[in-house]
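Structural description and commentary
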Amino acid sequence: MYIIQPHYHAIARTTDDYERMAQAGVVAVVEPAFWAGFDRRHPGTFVDYFRQISEFEPTRAAQYGIRHFCWVAMNPKESENLALSRQVLEALPEFLPKPTVLGIGEIGFNQNTANEAVIFRAQLELAMQHRQLVLIHTPHLHDKLRGTRLTLDLLRELKFPPERVWIDHVEEHTVRMVLDAGYWAGLTLYPLTKMSTPRAVDILQRFGNAKLMVNSSADWGPSTPFTLLDCVLECRRRGYGEAELLEIFHNRPARFLGQNPKFSIRPLEISPA
Amino acid sequence: MTRLRETIDREWLQGRFLVLELAALLDRLDVAAAKNESAVRTDRRIELLHRALAELAAPSATPNRAERLLELYSELADVHYSAPLSRHRPHHG
């Protein structure tokens, strides 16, 4: 089995993850820039963070034969701080040409505030200006429906090319509107409180060959990258064949991310016997 | 903070998660039922599941829902195990 883990916060994880993921068939991880669990005060802290995920983490992953890519962005939660966000956005373009940076993400809404909207729009415009892919976070829990609608409205208004957008953390009540509008959608698996593996597989079954990717929560909170492997197992239990598993867990992320030529991992096929 | 408020704060997310899991499970059963309706309708376990849901939704004077549900599910165990027990009933005299 070949697996791409498209949403993985390596800086919050130990090398045990890499070793076990490599053993389980993970060939690449992609790390979006995110909230570190506390609000940072200095733009330079973000610059060093972007250096860590674009320069250092690929070397750590490489020790286990895993390719590491990343996204850079001002995350939705800290976007509430407009002055800090604007300083961080000034530093973003210098990271976009780096060999493992695939685009701008994760951006979007956290609590659907006016400040978040300002920084979200600025980052979408930056992405259009630099022809970048974007990864969009949608709020968790009760803010998700409204946040997803606001996100779709903004993307429509800016005429952002839908095929270059991945909207993450969709659930049963938001997945259809995202897919119907032509965007890629991501299901994020959590061990507690949010999207579970059985529910994710229900959605995969319901939407068949849609532009739907699966990723694990893997950050500093209760999370584990191995929910993705649980999902592979649950799909097998429900009768998915190897070609379908390869399509969902490797080829779909390869197709979306491969729109940036720096992501050189191509979709694979299983040869008929 | 009151004890009730503390309990709600602590349990709210997990409760939301469990109710959603249950909803998804019922959806899954509906999909299966659409393919093989008669078999699902006559399965004793489905009937018990719906009785359990009714128990959960009913007002409770005492906090013993888990106990009552386990007693309910014991009916299923009775169905499964009554036959072997009767087969191996000891003979006297």
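Remember, predicted model here, so these are calculated numbers, not experimental data.

Topic: the overall build of chain A
Assigned secondary structure in chain A consists of nine helices and eight strands. Taken over the C-alpha trace, chain A has a radius of gyration of 17 Å; the compact-globule value for 273 residues is 19 Å, and the two agree within 12%. The C-alpha extent of chain A, read off along each of the three principal axes, is 60 × 40 × 35 Å. Looking at the 273 residues of chain A, the share that counts as buried comes to 47%.

Quick look at the nonpolar core
Val 72, Val 134, Ala 200 and Val 214 of chain A are the most contacted members of the largest nonpolar core, which totals 77 residues. When residues in this core are grouped by element, the largest group, seven residues, is from helix α9 (residues 242-257) of chain A.

Here's the deal with the interface of chain A and chain B
Think of interface size as the accessible area that goes away when the parts come together; that is how it is often given. Contact residues are listed per partner, giving six residues for chain A and eight residues for chain B. In terms of residue class, the side of chain A that touches chain B is made up of two nonpolar, two polar and two charged.

Some thoughts on the environment of Ala 91 of chain A
Along the polypeptide, Ala 91 of chain A turns up in helix α3 (residues 82-91). Residues Ala 91 of chain A and Gly 44 of chain A, 47 residues apart in the sequence, show an inter-C-alpha distance of 9.1 Å.

Describing the sheet that holds strand β2 (residues 26-31) of chain A
Residue and element names in this part refer to chain A. Taken together, the eight strands give an open sheet; going across it, the order is β1-β2-β3-β4-β5-β6-β7-β8, and neighbouring strands pair in parallel fashion. Single-partner strands in this sheet number two, and they are β1 (3-5) and β8 (212-216). Within this sheet the neighbouring strands show an average axis-to-axis angle of 25°, counted without direction. Pairing of strand β4 (residues 101-108) with strand β5 (residues 133-137), which is carried by five bridges, proceeds in the parallel orientation. Bridge assignment links Ile 107 to a residue of β5, and that residue is Ile 136. Sheet strands touched by helix α2 (residues 43-62): β2, β3 (67-72) and β4. Its angle to β3, the strand with the most contacts, is close to 170°.

Notes on the environment of Thr 113 of chain A
Position of Thr 113 of chain A relative to the elements: it lies in the loop between β4 and α4 (114-129). Spatially, the C-alpha atoms of Thr 113 of chain A and Ile 248 of chain A are 34 Å apart, while their sequence positions differ by 135 residues.

About the thresholds
Residues numbered from 1 in each chain as written. Chains lettered and ligands numbered in written order. Predicted model: local features only at pLDDT ≥ 70, side-chain atom pairs only at ≥ 80, totals over all residues. Helix = DSSP H or I, 4+ residues; strand = E, 2+ residues; numbered from the N terminus. Rg over C-alpha atoms; globule rule 2.2 N^0.38 Å. Buried ≥ 20, exposed ≤ 12 C-beta atoms within 10 Å, placed from the backbone. Core = buried A, V, L, I, M, F, W, Y, C linked by C-beta atoms within 7 Å. Contact = placed C-beta atoms within 7 Å. Nonpolar A, V, L, I, M, F, W, Y, C, P; charged D, E, K, R; others polar. Pairing = 2+ DSSP bridges. Axes fitted to C-alpha atoms, helices over the stretch in contact; angles between N-to-C directions.

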